[in-house]
Amino acid sequence: MKITKNASLKSYNTFGIDAKANMLISINHEDELIDFLEKISDTSEIKILGGGSNILFINEQIEQAIIKNDIKGIAIVSEDDGDVLIQVGAGENWHDLVTWAVENNLGGIENLALIPGTVGAAPIQNIGAYGVEIKDVFEALTAIHLQQKKEYVFTKDECEMDYRDSIFKNEWKGQLCITRVYLRLKRPPHQINSSYKDISNALEKHKIDLATIKDIYKIVVDIRSHKLPDPNDIGNAGSFFKNPIINKEHFEAFISKFPNAPHWKINDNEFKIPAAWLIDQCGYKGKRKGNTGCYKNQALVLVNYGNAKGKEIWSLSKEIQKTVFEKYQIKLIPEVNFWE
């Protein structure tokens, strides 16, 4: 365990916001976390930091103590001819895990390559891309309750995962530190998910008829590398907003006014509208405002051009929400978590 006072958080968030924490505590094992919690009287103000890829520090000084979750390790718990159950430390880098799985010929998460962040944050957000979500392979997780200093086990059903949502963003928000995640991956023959147009087009372009998980992995990495800026070059947190889901009545009114709008039918009463299209149609793609703006190749990505304050990016996000709602009567909900 390492404790740093008045610590710079610039290298701990992919937006590259130069906020400071009154106290930053790096933990490498559950025992270290419990030991720290035992020494403090009030744990209600503690915040948990993973890879910092889904966070916007609004204020320049974070008053609460921040625990940096650095619990690592990938281990096989059980296996048979078809499945392999793995245990992964919450502090592991998500993309590194996907790479490890593909290198070991274990399928199920190859479509989720290059998603930034840590393994512990993945089930909170129920990360997803190109037709796959973590809940498709998720088995369980362990977490320590910050006030009770007690370990809990959450099964898949208990996590209540939904589109970019889970119980950890709702009734358990801010109360837990996820420590280990259990995923069930597949041995060959793999079920390949190439349903998304970008992937199927790439397979056709490269004349790949029988795709492997390695093919899908490489294609997804290539697509995301071209669409999204590298946080090391331009600060960003990936997709800033969720794709909004509207009911049938709302959709019919929307599509009658904007018949060429892209959309996906989820079920008979729900339709998903691409947030990037809504933002682009409002003129924000590639638009710069001071030190921030929308990325030139992807309107859904808000960026820090070098010296942006958190409040600047937050202000732009509010402006985008207001403009989109005024034009389309559709509310954009941030994927990014705001830390004040």
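Our structure's up above, just so we're on the same page.
Residues numbered from 1 in each chain as written. Predicted model: local features only at pLDDT ≥ 70, side-chain atom pairs only at ≥ 80, totals over all residues. Heavy atoms only, no water.

Draft legend 1. Main features of the overall build of the chain. When helices and strands are tallied, the chain shows 9 helices and 20 strands. Here the C-alpha radius of gyration of the chain, 20 Å, is about what a compact globule of 340 residues would show, namely 20 Å. Principal-axis analysis of the C-alpha atoms gives the chain an extent of 60 × 55 × 40 Å. Contacts spanning at least 24 positions in sequence make up 62% of the contacts within the chain whose residues lie at least 6 apart. For the chain, the accessible area works out to roughly 16600 Å², and carbon and sulfur atoms hold 46% of it. On the chain, the mean spot of the 42 positive side-chain charges and the mean spot of the 46 negative ones are 7 Å from each other. (Helix = DSSP H or I, 4+ residues; strand = E, 2+ residues; numbered from the N terminus. Rg over C-alpha atoms; globule rule 2.2 N^0.38 Å. Contact = heavy atoms within 4.5 Å. Areas by Shrake-Rupley, 256 points an atom, 1.4 Å probe, with all protein chains shown as cover. Lys, Arg positive; Asp, Glu negative; His and termini not counted. Charge placed at Lys NZ, Arg CZ, Asp CG, Glu CD.)

Draft legend 2. Representation of the environment of Ile 3. Note on placement: Ile 3 falls in strand 1 (residues 2-8). Classification of Ile 3 as partly exposed rests on a relative accessible area of 44%. For the pair formed by Ile 3 and Asn 267, sequence separation is 264 residues and the distance between their alpha carbons is 49 Å. Those residues in contact with Ile 3 that sit more than four places away from it in its chain are Met 23, Leu 24, Ile 25 and Phe 36. (Buried < 20%, exposed > 50% of the residue type's maximum accessible area, 1.4 Å probe, protein only.)

Draft legend 3. Layout of the side chain of Glu 335. Here Glu 335 is to be found in the loop between helix 9 (310-328) and strand 20 (337-339). Polar contacts involving the side chain of Glu 335 include one to the side chain of Gln 125, which spans 3.2 Å. Ignoring anything within four residues of it in the chain, the contact list for Glu 335 reads Asn 54, Gln 125, Arg 164, Lys 169, Ser 239, Phe 240, Phe 241 and Lys 242. (Polar contact = N/O pair within 3.5 Å; in protein donor to acceptor, adjacent residues only side chain to side chain.)

Draft legend 4. The arrangement of the packing of aromatic side chains in detail. If you walk through the whole model with that rule in mind, you get 15 aromatic pairs. Ring centres of Trp 277 and Tyr 328 lie 5.7 Å apart, and the angle between their planes is 50°; this geometry places the pair in the tilted category. Here Trp 277 is found in helix 8 (residues 275-281), whereas its partner Tyr 328 is found in helix 9, with 51 residues between them in sequence. Each member of the pair Trp 277 and Tyr 328 is classed as buried. Feature note: the residues Phe 15, Phe 240, Phe 241 and Phe 338 constitute an aromatic cluster, connected by ring pairs. The ring of Trp 339 carries Lys 47 above its face, with NZ or CZ at 4.9 Å from the centroid. (Phe/Tyr/Trp six-rings, centres within 6.5 Å; stacked < 30°, edge-to-face > 60°. Lys NZ or Arg CZ within 6 Å of the ring centre and 35° of its normal.)

Draft legend 5. Spotlight on the pattern of salt bridges. This model, assessed by the stated rule, comprises 13 salt bridges. Lys 68 is the salt-bridge partner of Asp 70, the closest N and O atoms lying 3.0 Å from each other. Of the two residues, Asp 70 and Lys 68, neither departs from the other in class, the shared state being buried. A salt bridge links Glu 133 to Lys 135; its shortest N-O distance comes to 3.7 Å. Several salt bridges share partner residues, and in doing so they unite Glu 133, Lys 135 and Arg 164 into one network. (Salt bridge = Lys/Arg side-chain N within 4 Å of Asp/Glu carboxyl O.)

Draft legend 6. Looking closely at unusual backbone geometry. With an omega dihedral of 0°, the bond running from Pro 188 to Pro 189 counts as a cis peptide bond. Among the structural elements, Pro 189 can be located in the loop between strand 12 (176-186) and helix 5 (197-205). Even without a glycine there, the phi angle at Asn 126 is positive, about 45°. With respect to the helices, strands and loops of the structure, Asn 126 is situated in the loop between helix 3 (122-125) and strand 8 (128-129).

Draft legend 7. Spotlight on the pairing of strand 18 (residues 292-295). For strand 17 (residues 288-289) and strand 18, the ladder comprises 2 bridges, and the chain directions are antiparallel. Paired with Lys 289 across the strands is Thr 292, a residue of strand 18. In this structure, the hairpin formed by strand 17 and strand 18 is closed by a connection of 2 residues, where Gly 290 is found at a positive phi of approximately 65°. Across 4 bridges, strand 18 lies against strand 19 (residues 298-304) in antiparallel orientation. (Pairing = 2+ DSSP bridges.)

Draft legend 8. Spatial organisation of the sheet that holds strand 17. An order of 13-19-18-17 is seen for the 4 strands of this open sheet, with the pairing classed as antiparallel. Two strands close off the open sheet at either side, each with one partner strand: strand 13 (235-239) and strand 17. Sheet strands in contact with helix 9 are strand 17, strand 18 and strand 19, and its direction is about 55° off that of strand 18. (Axes fitted to C-alpha atoms, helices over the stretch in contact; angles between N-to-C directions.)

Draft legend 9. How the structure looks around the state of the cysteines. Counted by the stated rule, this structure contains 0 disulfides. Left without a disulfide partner, Cys 159 is nearest to the cysteine sulfur of Cys 177, which lies 14 Å away. Not engaged in a disulfide, the cysteine Cys 294 finds its nearest cysteine sulfur in Cys 282; these two sulfurs lie 10 Å apart. (Disulfide = S-S within 2.5 Å.)

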